[in-house]
Amino acid sequence: MEFLKQLSEMPGVPGREERVRELILSRTIDLWDDTRTDALGDLICHIKPGTITGKKPALKVLIACHIDEIGFYVRAIDDKGRLRLQNVGGFDARNLFARRVMVQGRRDVLGVLNPPGRPIHMANEEEKKKIPEVGDFFVDLFLPKKEVDKLVQVGDPVTLVQPFEEIGEVVNGKCLDNRVASWVAINAIRKVGKKSRYDIYYAATVQEEVGCRGAGPTAFGVEPDIAIAVDTTLACDTPGIDPVDAITQLGKGVAIKVMDGGSISDRGLVDDFVALAKKKKITHQLEILPRGATDAATMQRVRSSYRTITLSVPTRYIHTICESAHKKDLQAAVDLLAAWLGE
Ligand SMILES: [Zn+2]
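Residues numbered from 1 in each chain as written. Predicted model: local features only at pLDDT ≥ 70, side-chain atom pairs only at ≥ 80, totals over all residues. Heavy atoms only, no water.

The secondary structure content of the chain amounts to nine helices and 17 strands. Against the compact-globule benchmark of 20 Å for 343 residues, the chain has a radius of gyration of 21 Å, which places it among compact chains. For the chain, the spread of C-alpha atoms along the principal axes amounts to about 75 × 45 × 35 Å. Residue burial in the chain is summarised as follows: out of 343 residues, 54% are buried. Counted over contacts in the chain with a minimum sequence separation of 6, partners at least 24 positions apart contribute 77%. About 15,800 Å² of surface is accessible on the chain, with carbon and sulfur atoms providing 52% of the total. (Helix = DSSP H or I, 4+ residues; strand = E, 2+ residues; numbered from the N terminus. Rg over C-alpha atoms; globule rule 2.2 N^0.38 Å. Buried < 20%, exposed > 50% of the residue type's maximum accessible area, 1.4 Å probe, protein only. Contact = heavy atoms within 4.5 Å. Areas by Shrake-Rupley, 256 points an atom, 1.4 Å probe, with all protein chains shown as cover.)

Okay, here's the thing in structure tokens:
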């Protein structure tokens, strides 16, 4: 879990994923035959099949794991030295009160994120009910304006700060969406190594949270026979939500996606993954997500289209800093992907 902790705590807003990319490269460089980074920032790592049996060339598989996280860019610095933000990715403003944040300025600077307005001791009933817009929030660096101007400028990335922890049966932290995917894919590829009958490309894709932007060019470049997105999905198995709307349940295994708001998985692949999970006794569940999308949405539709599927890790409290994924589901995702690559 040490690698997952590092992945979760590393900042990487859409467009500024370089630290995550470097971490992944440094931890996996022994695994690949070759690696490259494209102009957009997608990291594409290739592991050739070992002994090729038969005459046909091995099928190419692209496993896409987005490495960006929802975050902010500094939009303006006011005359008191407080920062105003532009969000990159979908935040629920109700989860942003009184948060510690980190600004990647000339050096990394800590600050506090809060909405404008009066504290509960002073607020009237009307004020207490009001939910601010994300763009209203400000960052207090507790420094004079002159100091702030030396350290921070418009366009610097800002991320929420949260230490990664193991709590009960889950791992808990920020941006498990979608750092868990790289952890899953890399562990699965390590498990199979050169024994796979596939020609495997692992891609750490960028800018998914602002519209699955990195995965399209990645798939265009790799030209896979099959493309697999690994991502998190909602586990709404908590109070206040009808169980039929849970999407997935924590601890009930890796989710094999039938469809979401951006893609419908290749039916043959869905059937293959379900049959394999049954055969290998890997806990799994089927997923239909009414809204939202993964990298599958764009990979499916480049060139003359590719067979595509998403494997999901059920996650509670998604797009908060308390994202929680069950360790058994993470292992099930590794096992299923490794079994498929090894078949
Ligand atoms: Zn995601």
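With that settled, consider the coordination of the zinc ion. A metal bound by six donors in octahedral fashion has ideal angles of 90 or 180 degrees, whereas one bound by four tetrahedral donors has an ideal angle of 109.5 degrees. At this site the zinc ion is bound by His 66 (NE2), Asp 177 (OD), Asp 231 (OD) and Asp 231 (OD), with donor distances of 2.0 to 2.8 Å. Its four donor atoms give the zinc ion angles of 49 to 144° at the centre, a pattern that matches the irregular case. Spacing between the donor residues of the zinc ion along the chain follows H-x110-D-x53-D. Here Asp 177 lies in helix H5 (residues 176–192) and His 66 lies in strand S3 (residues 60–66), a separation of 111 residues in the sequence. On the basis of relative accessible area, His 66 is assigned to the buried category, the value being 1%. (Donors = N, O, S within 2.8 Å, 3.2 Å for Na, K, Ca; no water. Tetrahedral: all angles 85-135°; square planar, octahedral: opposite > 155°, others 65-115°.)

Moving on, we get to the side chain of Glu 208. Here Glu 208 shows up in the loop between strand S12 (199–205) and helix H6 (215–222). One buried charged residue, Glu 208, remains without a salt bridge, the closest side chain of opposite sign being Lys 257 at 8.7 Å. Sequence-distant contacts of Glu 208, that is, excluding residues within four places in its chain, are made with His 66, Asp 68, Arg 213, Asp 231, Ala 293, Thr 294 and Asp 295. (Lys, Arg positive; Asp, Glu negative; His and termini not counted. Salt bridge = Lys/Arg side-chain N within 4 Å of Asp/Glu carboxyl O.)

Quick look at the environment of Thr 218 now. One can find Thr 218 in helix H6. The exposure class of Thr 218 is buried, given its relative accessible area of 1%. For the pair Thr 218 and Leu 141, spaced 77 residues apart in the sequence, the C-alpha separation amounts to 38 Å. Once residues lying within four places of it in the same chain are set aside, the contact partners of Thr 218 are Asp 38, Asp 42, Ile 44, Leu 62, Ala 203 and Thr 205. A distance of 2.8 Å separates a polar side-chain atom of Thr 218 from the backbone oxygen of Gly 214. (Polar contact = N/O pair within 3.5 Å; in protein donor to acceptor, adjacent residues only side chain to side chain.)

Let us now look at the nonpolar core. Counting residues in each nonpolar core, the largest one holds 57 residues, and the members touching the most others are Ile 24, Ile 63, Tyr 202, Ile 228, Trp 340 and Leu 341. Leu 83, Ala 93, Val 109 and Leu 141 belong to the second largest nonpolar core, which has 23 residues in total. (Core = buried A, V, L, I, M, F, W, Y, C linked by side-chain atoms within 4.5 Å.)

Looking now at unusual backbone geometry. Each neighbour pair has its own omega, and for Asp 177 with Asn 178 the value is 15°, a cis peptide bond. Within the secondary structure layout, Asn 178 lies in helix H5. Backbone geometry places Ala 98, a non-glycine residue, at a positive phi of 50°. Following the sequence through the fold, Ala 98 ends up in the loop between strand S5 (83–88) and strand S6 (99–104). The exposure class assigned to Ala 98 is exposed, which follows from its relative accessible area of 53%.

In this section: the pattern of salt bridges. When their charged atoms lie close together, side chains carrying opposite charge are able to pair. Under the criterion given, the structure shown has 21 salt bridges. One salt bridge in this structure joins Glu 18 and Arg 16, with 2.9 Å as the shortest N-O distance.

Our focus in this paragraph is the packing of helix H1 (residues 2–9) against helix H2 (residues 18–28). In contact at an axis separation of 9 Å, H1 and H2 are set at 165° when each is read in the N-to-C sense. Considered as vectors, H1 and H2 are oriented roughly antiparallel to each other. The hand of the H1/H2 crossing is right-handed. Here Phe 3, Gln 6 and Leu 7 of H1 come into contact with H2, specifically with Val 20, Leu 23, Ile 24 and Arg 27. Of the residues in the contact of H1 with H2, the class split is five nonpolar, one polar and one charged. (Axes fitted to C-alpha atoms, helices over the stretch in contact; angles between N-to-C directions. Parallel < 35°, antiparallel > 145°, perpendicular 65-115°, else oblique. Left-handed = near helix turned anticlockwise from the far one by under 90°. Nonpolar A, V, L, I, M, F, W, Y, C, P; charged D, E, K, R; others polar.)

Per the domain assignment, the segments making up the chain are domain 1 (2–69 + 174–342) and domain 2 (71–160). Each partner contributes residues to the interface: domain 1 has 15 residues there, and domain 2 has 15 residues. Each partner contributes to the roughly 1,200 Å² buried at the junction of domain 1 and domain 2, and carbon and sulfur atoms together form 56% of this total. Inspection of the region where domain 1 meets domain 2 yields one salt bridge. (Domains from an automatic or database assignment. Buried area = accessible area lost by both parts, 1.4 Å probe.)

Within the structure shown, the criterion is met by zero disulfides. Not engaged in a disulfide, the cysteine Cys 65 finds its nearest cysteine sulfur in Cys 45; these two sulfurs lie 10 Å apart. On the basis of relative accessible area, Cys 65 is assigned to the buried category, the value being 0%. (Disulfide = S-S within 2.5 Å.)

A word on the sheet that holds S5. Here six strands make up a closed barrel; going around it, the order is S4-S5-S8-S7-S6-S9 and the pairing antiparallel. Neighbouring strand axes in the sheet, compared pairwise and without regard to direction, differ in orientation by 45° on average. Where S6 lies against strand S9 (residues 157–160), three bridges are found, and the strand directions are antiparallel. Directly across from Val 101, in S9, lies its bridge partner Leu 160. (Pairing = 2+ DSSP bridges.)

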